[in-house]
Amino acid sequence: MRKETDMKGVKDIAKVFLHMDLEKTKFSPLVIKHPFTDSAMVCLMQSSGEPAVVNIVENTEMFVAWKNQVEKHIESAENVFDVYHLITKSYLLAFLKFVKAYLSVEDFSKLFANTWVRTEYPNLDPNFSQKELLQLFRQSKQEELMTEEELETLRKLPDTVLIFRGVTTYNANKVKALSWTLDQTIAKWFANRFGENGTVYRAEISKENILALFQGRGENEVIVDPNHSVHLSKAEE
């Protein structure tokens, strides 16, 4: 990482992502995967200055025009966050992986925290191994990674902290993951969502092995180094 963010490098990476192909999904012809849109229907400004909704899957010319429009947004970005907020959720960690070398540690820490909270299954993202994710948290500045309130909550935790994790059939083999919660009720919700009857685990962790605490979604999520958790067991009701 750099002392100051290199915006040219960030914009160049964003343009590479922009020119990736559209990927159709099994859900609907209108639901697609692309770093800059999840929908085949996008808003395109016309030469008259009026907006129009167009289908970029069915019309190649509209796809090209839309990419040109997005590229202008990228070029006009004043900071990395202006570019970052154009990226769809499922591509955020991939984007962060490739722009990391162009970011200051402050900007990286803020983007990483926001990406972690917004991504549905960051522990399972194919762009980073668990070891690499742990390294990213250790490379971040905690005062940028967390809010003042979150930092204060982390400081006030006891030296040994009881943590919980709820898993379903989807992630049952990822019990020793980075994401846990301080609240057993929250862990139970994760175990039972999607109509499943999952399992809640509990463990103890030294506060020094808690790398971050996020309260933004009301989940009391703690990011831990699972290699240092002890007394792992199924939680009692």
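All of these numbers come straight from a predicted model, not from anything done at the bench. (Residues numbered from 1 in each chain as written. Predicted model: local features only at pLDDT ≥ 70, side-chain atom pairs only at ≥ 80, totals over all residues. Heavy atoms only, no water.)

1. Some remarks on the nonpolar core
Put simply, the rule reads: Only buried Ala, Val, Leu, Ile, Met, Phe, Trp, Tyr and Cys residues count toward a nonpolar core, and they belong to the same one when joined by side-chain atoms within 4.5 Å. Relative accessibility thresholds used throughout: buried, under 20% of the residue-type maximum; exposed, over 50%; partly exposed, between the two (1.4 Å probe, protein chains only). Every residue pair with non-hydrogen atoms within 4.5 Å of one another is taken to be in contact.
Counting 62 residues, the largest nonpolar core has Phe-36, Trp-66, Phe-95, Phe-112, Phe-137 and Phe-214 as its most contacted members. Ignoring sequence-local partners within four residues, the contact set of Trp-66 consists of Leu-18, His-34, Phe-36, Thr-37, Val-42, Cys-43, Leu-44 and Ile-56. By size, the runner-up hydrophobic cluster in this structure holds 5 residues, among which are Phe-164, Ala-191, Val-200 and Ala-235.

2. A short note on the packing of aromatic side chains
Rules: When two rings of Phe, Tyr or Trp (its six-membered ring) have centres within 6.5 Å they constitute a pair, described as stacked for plane angles under 30 degrees, edge-to-face for angles over 60, and tilted for the intermediate range. Numbering of helices and strands runs from the N terminus, with a helix taken as a DSSP run of H or I at least four residues long and a strand as a DSSP run of E at least two residues long. Our definition puts a charge over a ring when NZ of Lys or CZ of Arg is within 6 Å of the ring centre and also within 35 degrees of the ring normal.
Going through the model one piece at a time under the given rule, you end up with 8 aromatic pairs. Measuring from centroid to centroid gives 4.5 Å for Phe-112 and Phe-137, while their planes differ by 50°, and the two rings are tilted. One end of the pair, Phe-112, is in helix 5 (residues 105-118); the other, Phe-137, is in helix 6 (residues 130-139), and 25 residues separate them in sequence. On the basis of an interplanar angle of 80° and a centroid distance of 5.1 Å, the ring pair of Trp-116 and Phe-137 is categorised as edge-to-face. Of this pair, Trp-116 sits in helix 5 while Phe-137 sits in helix 6, placing them 21 residues apart in sequence. Classification of Trp-116 as buried rests on a relative accessible area of 1%. Connected via pairs of aromatic rings, a cluster forms that spans Phe-108, Phe-112, Trp-116 and Phe-137. Stacked on the ring of Phe-128, the Lys or Arg Lys-97 has its end atom at 5.8 Å from the ring centre.

3. Quick word on the environment of Pro-122
Tracing the backbone through its elements, the reader meets Pro-122 in the loop between helix 5 and helix 6. The exposure class of Pro-122 is buried, given its relative accessible area of 5%. Separated by 57 residues in the primary sequence, Pro-122 and Ser-179 have C-alpha atoms spaced 8.9 Å apart. With near-sequence residues (within four places) excluded, Pro-122 lies in contact with Leu-93, Trp-116 and Leu-133.

4. Concerning helix 5
Counted only if it meets this: A helix's residues, less one, multiplied by 1.5 Å, set its expected span.
With 14 residues, helix 5 should cover 20 Å at 1.5 Å per step; its first-to-last C-alpha distance of 20 Å lies within 8% of that length. Every buried residue of helix 5 is accounted for by Asp-107, Phe-108, Ser-109, Leu-111, Phe-112, Ala-113, Thr-115 and Trp-116.

5. Some thoughts on the packing of helix 5 against helix 6
Operational definition: With axes taken as lines fitted to C-alpha atoms, and helix axes fitted only over the stretch in contact, angles between N-to-C directions fall between 0 and 180 degrees. Oblique is the label for every angle not falling under 35 degrees (roughly parallel), over 145 degrees (roughly antiparallel), or within 65 to 115 degrees (roughly perpendicular). Handedness of each helix crossing follows the sense of rotation of the near helix against the far helix: counterclockwise by less than a right angle gives left-handed, clockwise gives right-handed.
It is the contact of helix 5 with helix 6, at a shortest axis distance of 10 Å, that shows an interaxial angle of 130°. Judged by the inter-axis angle, helix 5 sits oblique to helix 6. Here helix 5 runs over helix 6; the crossing is left-handed. Across the interface between the two elements, Val-105, Phe-108, Phe-112 and Trp-116 of helix 5 pack against Leu-133, Leu-136, Phe-137 and Gln-139 of helix 6.

6. A short note on the pattern of salt bridges
The line we're drawing: When a carboxyl oxygen of Asp or Glu lies within 4 Å of a side-chain nitrogen of Lys or Arg, that pair is called a salt bridge.
All chains considered together, the criterion is met by 10 salt bridges. Here Arg-138 and Asp-225 are joined by a salt bridge, their closest N and O atoms 2.6 Å apart. With Arg-138 in helix 6 and Asp-225 in the loop between strand 10 (221-224) and strand 11 (230-234), this residue pair connects regions lying 87 residues apart in the sequence. On the basis of relative accessible area, Asp-225 is assigned to the buried category, the value being 4%. A salt bridge links Glu-152 to Lys-156; the shortest N-O distance between them is 3.9 Å. One end of the pair, Glu-152, and the other, Lys-156, are both in helix 8 (residues 148-156), 4 residues apart, so they sit about a helical turn from each other. Residue Glu-152 is classed as partly exposed on the basis of its relative accessible area, which comes to 33%. Assessed through its relative accessible area of 64%, Lys-156 is described here as exposed. Members of the salt-bridge network, linked through shared partners, are Glu-106, Lys-141 and Glu-143.

7. Structural notes on the pairing of strand 4 (residues 41-45)
Short version of the rule: A pair of strands counts as paired when DSSP detects no fewer than two bridges linking them.
On strand 4, burial follows the alternation: Val-42 and Leu-44 on one face are buried, whereas Met-41, Cys-43 and Met-45 on the facing-out side are not. Note that strand 4 and strand 5 (residues 51-55) share 5 bridges and pair antiparallel. Bridged to Leu-44 within strand 5 is Ala-52. Two successive antiparallel strands, strand 4 and strand 5, enclose a turn made up of 5 residues, where Gly-49 displays a positive phi of approximately 95°.

8. Structural notes on the environment of Lys-141
Locating Lys-141 in the fold gives a position in the loop between helix 6 and helix 7 (142-145). Residue classification places Lys-141 among the partly exposed residues on the basis of a relative accessible area of 27%. A C-alpha to C-alpha distance of 6.7 Å links Lys-141 and Glu-106, two positions 35 residues apart in sequence. Lys-141 has contacts with Val-105, Glu-106 and Ser-109, leaving out every residue within four places of it along the chain.

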